[in-house]
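Coordinate inspection notes
The lines below spell out each chain.
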Amino acid sequence: MALIIDGKKISQDIKEELKEKVAAYQSEEIQITLAVIQVGEDPASSVYVGNKKKACEYIGIRSLAYELPEKTTEEELLNLVKELNERTDVNGILVQLPLPAHIDEDLVIQTISPEKDVDGFHPQSVGALSIGQKGFLSCTPAGIIQLLKRSGIEIDGKECVIIGRSNIVGKPMALLLLRENGTVTVCHSRTKNLKEVAKRADILVVAIGKRKFINKEYIKEGAVVIDVGMHRDENNKLCGDVDFLDVVDHVSAITPVPGGVGPMTIAMLMNNCVESIQLRKDF
Ligand code: NAP
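Everything quoted here is computed from the prediction, not taken from an experiment.

Okay, the domain arrangement of the chain next. With domains assigned, the chain is organised as domain 1 (30-119) and domain 2 (139-262). For domain 1 and domain 2, the distance between their C-alpha centres works out to 29 Å.

This brings us to the nonpolar core. Within the largest apolar cluster, 52 residues are counted, with the highest numbers of intra-cluster contacts made by Leu-34, Ile-61, Leu-148, Leu-177, Val-205 and Met-270. Among the elements that line this core, the one with the most residues is helix H10 (residues 262-282), at 10 residues. Mapping this core onto the domain boundaries places at least three of its residues in each of domain 1 (30-119) and domain 2 (139-262). If near-sequence neighbours (up to four positions away) are discounted, Leu-148 is found in contact with Ile-153, Ile-155, Leu-177, Ile-203, Val-224 and Ile-226. The next biggest cluster of nonpolar side chains, apart from the first, holds 20 residues, and it includes Ala-2, Val-161, Ile-214 and Ala-223.

Turning our attention to empty space enclosed by the protein. A complete count under the given rule lists 2 cavities of 30 Å³ or more for this structure. For the largest cavity, the calculated volume is near 50 Å³. Considering the residues around the largest cavity, the lining is formed by Ile-93, Leu-94, Val-95, Leu-97, Ile-109, Ile-112, Asp-117, Asp-119 and Phe-121. Taken together, the residues that form the lining of the largest cavity break down as 7 nonpolar, no polar and 2 charged. Estimates place the volume of the second largest cavity at around 40 Å³. Asp-227, Val-228, Gly-229, Met-230, Pro-256, Val-257, Pro-258, Gly-259, Gly-260, Val-261 and Gly-262 are the residues that line the second largest cavity. Among the residues forming the lining of the second largest cavity, the class breakdown is 6 nonpolar, 4 polar and 1 charged.

Residues in contact with the ligand amount to 22 residues; listed here are only the nearest, Arg-165, Ser-166, Ser-189, Lys-210 and Thr-265. At 2.6 Å, a side-chain N or O of Ser-166 approaches an oxygen atom of the ligand. Within the backbone of Met-230, an N or O atom sits 3.3 Å from an oxygen atom of the ligand.

Taking strand neighbours across the sheet as the criterion, the 3 strands line up as E3-E2-E4 in an open arrangement whose pairing is parallel. Two strands in the sheet have a free side with no partner beyond their single neighbour: strand E3 (62-68) and strand E4 (92-95). Across the sheet, the axes of successive neighbouring strands diverge by a mean angle of 15 degrees, strand direction being ignored. Bridge analysis of strand E2 (residues 33-39) against E4 gives 4 bridges, and the strand direction is parallel. Bridge assignment links Ala-35 to a residue of E4, and that residue is Ile-93.

A few words now on the pattern of salt bridges. Under the definition given, this model contains 10 salt bridges. For Arg-62, the salt bridge identified is with Asp-89, shortest N-O distance 3.1 Å. Of this pair, Arg-62 sits in strand E3 while Asp-89 sits in the loop between helix H3 (74-86) and E4, and the two are 27 residues apart along the sequence. Using a relative accessible area of 32% as the deciding quantity, one classes Asp-89 as partly exposed. Note that Asp-202 and Lys-220 form a salt bridge whose closest N and O atoms lie 2.7 Å from each other. One end of the pair, Asp-202, is in the loop between helix H8 (194-198) and strand E7 (203-206); the other, Lys-220, is in the loop between E7 and strand E8 (224-227), and 18 residues separate them in sequence. Using a relative accessible area of 23% as the deciding quantity, one classes Asp-202 as partly exposed.

Conventions we followed
- Residues numbered from 1 in each chain as written.
- Predicted model: local features only at pLDDT ≥ 70, side-chain atom pairs only at ≥ 80, totals over all residues.
- Heavy atoms only, no water.
- Domains from an automatic or database assignment.
- Core = buried A, V, L, I, M, F, W, Y, C linked by side-chain atoms within 4.5 Å.
- Buried < 20%, exposed > 50% of the residue type's maximum accessible area, 1.4 Å probe, protein only.
- Helix = DSSP H or I, 4+ residues; strand = E, 2+ residues; numbered from the N terminus.
- Contact = heavy atoms within 4.5 Å.
- 1 Å grid on protein atoms, 1.4 Å probe; cavity = no way out; pocket = protein on both sides within 12 Å on 5 of 7 lines; lining within 4 Å.
- Points joined across faces, edges and corners; volume = space filled by probe spheres on them.
- Nonpolar A, V, L, I, M, F, W, Y, C, P; charged D, E, K, R; others polar.
- Near = heavy atom within 4 Å.
- Polar contact = N/O pair within 3.5 Å; in protein donor to acceptor, adjacent residues only side chain to side chain.
- Pairing = 2+ DSSP bridges.
- Axes fitted to C-alpha atoms, helices over the stretch in contact; angles between N-to-C directions.
- Salt bridge = Lys/Arg side-chain N within 4 Å of Asp/Glu carboxyl O.

Listed below in structure tokens is the structure:
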């Protein structure tokens, strides 16, 4: 019987721990503030931003919401980011992606001060991760490490295969698993013999962005499977990149969708906001 890794419960545990830390900071008169910027009214982005605000409220982090119109210019957005960089009462800055096509996302990310880069997307944060220095970690992969550790799944010495090499999931995931002493392979759309490579995995992380793409033909019996994907199936129900029903009896542990990786991303964003206090001292 496979362990169904309960991301909802683990993320709730993390939020409770963070709530206590925030209360301790508040007793020292330290208030943590996250600025959340959304440009346009993409419905999915509005849901994500709303969930982030709710999580802040729950934990005791102050959130400042900037809801800018779709036609906001790049310059206007960059000026707002620079203003927030300067504000000593703002600890974290989050610009909800994707941005409208007329705004250069990379430029916006690079403009956020690395001290306030709670999404962990700034080149300095990514560079720090790659050479083992302190910095903010990308939230989804950091959440996956927590899911594994808090489920008692050993990473040290394990064959870890990641399918997907995006900047926000696949690449930082590889670096984090390497940091935990996994033996890491990263696959992508040009990988040859994907099934054979994936079957080497003791821990398989799937971030391919294709609905129910991975079935048991890609998975070694008894492997741990982490499904990052987020889609709607033919019945409009949420599902992942992995065909859960096909693989569940074949694996030793698996994250469900929903209720697996998804809730961890916000929990780790909250964690980064709390860590910003310590990191500010370290920078
Ligand atoms: P992405 O930027 O679209 O990257 C997909 C990756 O999969 C690319 O590296 C691509 O290779 C690779 N790929 C595509 N088709 C492939 C194939 N047939 N064989 C092997 N590799 C293939 O996706 P992402 O942003 O990493 O997101 C992945 C999924 O996770 C999406 O469903 C997204 O919605 C979800 N997601 C969820 C969360 C969460 O909090 N739960 C967070 C982020 C993302 P190339 O590089 O060669 O094109």
